[in-house]
Structure formats: structure tokens, C-alpha cells
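Examination of the molecular architecture
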Amino acid sequence: MEDESVAMEVYLINHGECELNLRPDLVAGRCPDAGLTHVGKRQARALAVFLNSQGVRFNAVYSSPLERARATATSVCQQMNFAEEQIQSSDAIVDMSHGHWEGCPRSEVFTPEILSLIDRLRPDFSAPSGESIRQVNFRMVQFINETVLCLPEKLRSDFSSPHPVENHVYQNHSSLHEQDGPSHTPPHWDLLHRHRQMSRKKSGKSRLQFMTGTGNHDSADEFSPRDSNHQSPTHDTAATSSSGIPSIGIFTHAMPIKCLLTGILECSPVMTNKICIQDSSITVIQHSWKTGWQIKRLNDIAHLRLL
């Protein structure tokens, strides 16, 4: 009989607001040097507070190599006490490429002729030297099935080893097909998450300040979560969430998340334009061996109320 229990939860996290969001007149795409705005950095800190309050603990974290995704992952993991060096970079979850069009004015690129061509060829249309929606769909589904889904078995195998290897981390993924690497730090499945003590809200301060316990810090650190109960800056990166289910964090971009969801739903990649994925949003999918992948939560931005 197939197992109905949930074997894994995956948190698909879109990066915070970046400089590209301020230029809707340009074709975005990858633009690797586009960093987070001040608002985007605040969103990342609020996201970390929210995940901590929900008892989320990541067993592994993957990030797109682009600056905006990497900065979001680093900020969130730092405040969740997940070691930065344990973040695994993967080209498989990078943003969709628009090739030679990236950085060009949209008004010059999307002429009536080009728009007509896109309508006829979608989801297989691609910009010059770019990629199509179908290609993004394929690499995301392949990544989630061939890389992420094998993690719980590997982690449990490492943990049960009589002589586990300490301090090993996965190497960066230079391509989708590089699956092999050193063992992940063995998890301690019996660790319980210690919930943060939340202070009562007072007038004149945001909710995030009180959830983090900040007081007389300067504005730059106003939204940095601090916990007086933490005795060490290091964190057991393999500790499970409060639900006891292995949790994987994936910091990526809106289009790859949309493409993955259409793959899970087994519908046409064209349906990506029917899905809304906002800045710093959380989308959660779960897997069981009976039902396969299911969408548990979509485009959750509840943490932004803390700003």
C-alpha cells in the first residue's frame, strides 16, 4: 500500500523587491547584478521573522545564483540561524532568460509583430538566445523531482551512518545534471524548535520590531530578528520543523515558481499568466508517495503586515 503521509514540504520563496521592479519599462529576465532595494531587504527580514514564528526549520536550502535571490536567501537564513555556507546555489532554479532582449525598452521589443508571434508560438517561443516557458517548466520539474525529492532518504542515510562525516556541505550546482556531492550535515531529528517570545505591541512601532525583540537599535538594524535565548550563533541546519516533516527552502524567482506549479498541476505552461507570485511571497508544496506533489499554500505574503 502506498504511503499517504507527507514525506516533505518545500518552501518556494520569491526574492524581495529588486531594482528591476522599479523599471517596468525594461525587459527584465535574469539581469544578474540587479540587487534588492531597501524595501526588498525589509521584506526578507520580515519573512525570516514569520518563518521563525511558524516553527519552520530548513533541512536544506537552495538558491538561484542571481544576486537578488541569493541576498534574500542569505538574509533569511542568517536570521533563522541557518549557516550561510550551507546554502546551495543551483542554475536549475535561475530566472527565465530573455537573452538579447534583457535590459531593452519593452516598447521597442514588443512590437505588434513580435506580440503576434509570441501568441502563436507560446509556450515554445523564446527571445534570441533566451529560453521558452516550456524549457523553464522542464528544468524546474526535473530539479524538484531529481534533486530535492531524494534529500530525505539521503539525510536519513547520513544520520544512521555509524561514522557520519562532519561539516560537509553540498557544492554549488553549476548545471541541472550535477547531482552528486559531499554529504549534508547529519540531521538531529529529535531537536525541538524553541518558539520565540513575542512582546506585546506598543504604539509607535511595527509588529516586526516587537516580534524580533528589538528596542534601541538604529534604523539599519530595526528589523533584524534577535533572540536573547540563542546561546550560539550557529544553528543545526538539519533540524526539522515543528511539524516533524523535512522542510526544504528554495529561493528563486516568480516565473520559475509559476512554471513549477503548472508542471505539478499537469497543465499547459501557458497557464503561468493565470498565477500570481508576488515579491518575497511563500508558496508551499508537499509530497507523499501516494498523491505525489500537492500545492499546500500559494503566494502567501502574510509576513508583509509586519512592515
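As the structure is a prediction and not an experimental result, all values here were calculated from the model.

**A closer look at unusual backbone geometry**
Backbone torsion omega between Arg 122 and Pro 123 reads 10°, so that peptide bond is classified as cis. Its place among the elements puts Pro 123 in the loop between α4 (112–121) and α5 (133–148). Its identity as a non-glycine residue notwithstanding, Cys 31 has a phi of 40°, on the positive side. Within the secondary structure layout, Cys 31 lies in the loop between β1 (6–14) and α1 (38–53). Cys 31 sits in the buried class, given a relative accessible area of 18%. Phi is positive for Glu 266, close to 55°, though the residue is something other than glycine. Structurally, Glu 266 can be placed in the loop between α8 (254–265) and β5 (282–288).

**A closer look at the nonpolar core**
Within the largest apolar cluster, 27 residues are counted, with the highest numbers of intra-cluster contacts made by Val 10, Val 148, Ile 248, Ile 250 and Ile 285. Where this core is concerned, the elements lending two or more residues are β1, β2 (60–63), α5, β4 (247–252) and α8. Considering each element in turn, this core owes the most residues, six residues, to α5. The contact partners of Val 148, leaving out residues within four places of it in the chain, are Met 8, Val 10, Tyr 62, Phe 143, Ile 248 and Ile 250. Among the nonpolar cores identified, the runner-up in size contains 19 residues, and Tyr 11, Met 80, Ile 87 and Val 284 belong to it.

**Things to note about the UniProt feature "binding site: substrate" (unreviewed entry) in the protein**
Mapped onto the present numbering, the UniProt feature "binding site: substrate" (unreviewed entry) falls on Arg 68. The topology assignment puts Arg 68 in helix α2 (residues 67–79). Looking at Arg 68, the relative accessible area reads 1%, which means it is buried. Ignoring any residue separated from it by four or fewer positions in sequence, one finds Arg 68 in contact with His 15, Cys 18, Leu 20, Gly 29, Arg 30, Cys 31, Ala 34, Leu 36, Asp 95 and His 253. Reaching out from Arg 68, the side chain makes a polar contact with the side chain of His 15 at a distance of 3.5 Å.

**A short note on the pattern of salt bridges**
Going through the model one piece at a time under the given rule, you end up with seven salt bridges. Here Glu 131 and Arg 139 are joined by a salt bridge, their closest N and O atoms 2.8 Å apart. The same class applies to Glu 131 and to Arg 139, which are both buried. With a shortest N-O distance of 3.1 Å, Arg 297 and Asp 300 are connected by a salt bridge. The exposure class of Arg 297 is partly exposed, given its relative accessible area of 24%. One connected set of salt bridges, linked through shared partners, spans Arg 30, Glu 131 and Arg 139.

**Re the side chain of Lys 258**
With respect to the helices and strands, Lys 258 occurs in helix α8. Here Lys 258 sits buried without a salt bridge, and the closest side chain of opposite charge, Asp 95, lies 9.5 Å off (N-O distance). Among residues more than four places away in sequence, those in contact with Lys 258 are Thr 272, Ile 275 and Ile 277.

**Section: α5**
Its 16 residues give α5 an end-to-end C-alpha distance of 21 Å, which sits within 8% of 22 Å, the value for a rise of 1.5 Å per residue. Those residues of α5 lying buried are Ile 133, Val 136, Asn 137, Arg 139, Met 140, Gln 142, Phe 143, Ile 144, Thr 147 and Val 148.

**Here we look at the packing of aromatic side chains**
Considering all chains together, one arrives at four aromatic pairs under this definition. When the centroid spacing of 5.7 Å and the interplanar angle of 80° are considered together, the rings of Trp 101 and Phe 110 count as edge-to-face. The burial state of Trp 101 is the same as that of Phe 110; both residues are buried. In this structure an aromatic cluster arises from ring pairing among Trp 101, Phe 110 and Phe 125.

Procedures and definitions
Residues numbered from 1 in each chain as written. Predicted model: local features only at pLDDT ≥ 70, side-chain atom pairs only at ≥ 80, totals over all residues. Heavy atoms only, no water. Helix = DSSP H or I, 4+ residues; strand = E, 2+ residues; numbered from the N terminus. Buried < 20%, exposed > 50% of the residue type's maximum accessible area, 1.4 Å probe, protein only. Core = buried A, V, L, I, M, F, W, Y, C linked by side-chain atoms within 4.5 Å. Contact = heavy atoms within 4.5 Å. UniProt positions renumbered as here; feature names shortened; annotations may be inferred. Polar contact = N/O pair within 3.5 Å; in protein donor to acceptor, adjacent residues only side chain to side chain. Salt bridge = Lys/Arg side-chain N within 4 Å of Asp/Glu carboxyl O. Lys, Arg positive; Asp, Glu negative; His and termini not counted. Expected span 1.5 Å × (residues − 1). Phe/Tyr/Trp six-rings, centres within 6.5 Å; stacked < 30°, edge-to-face > 60°.

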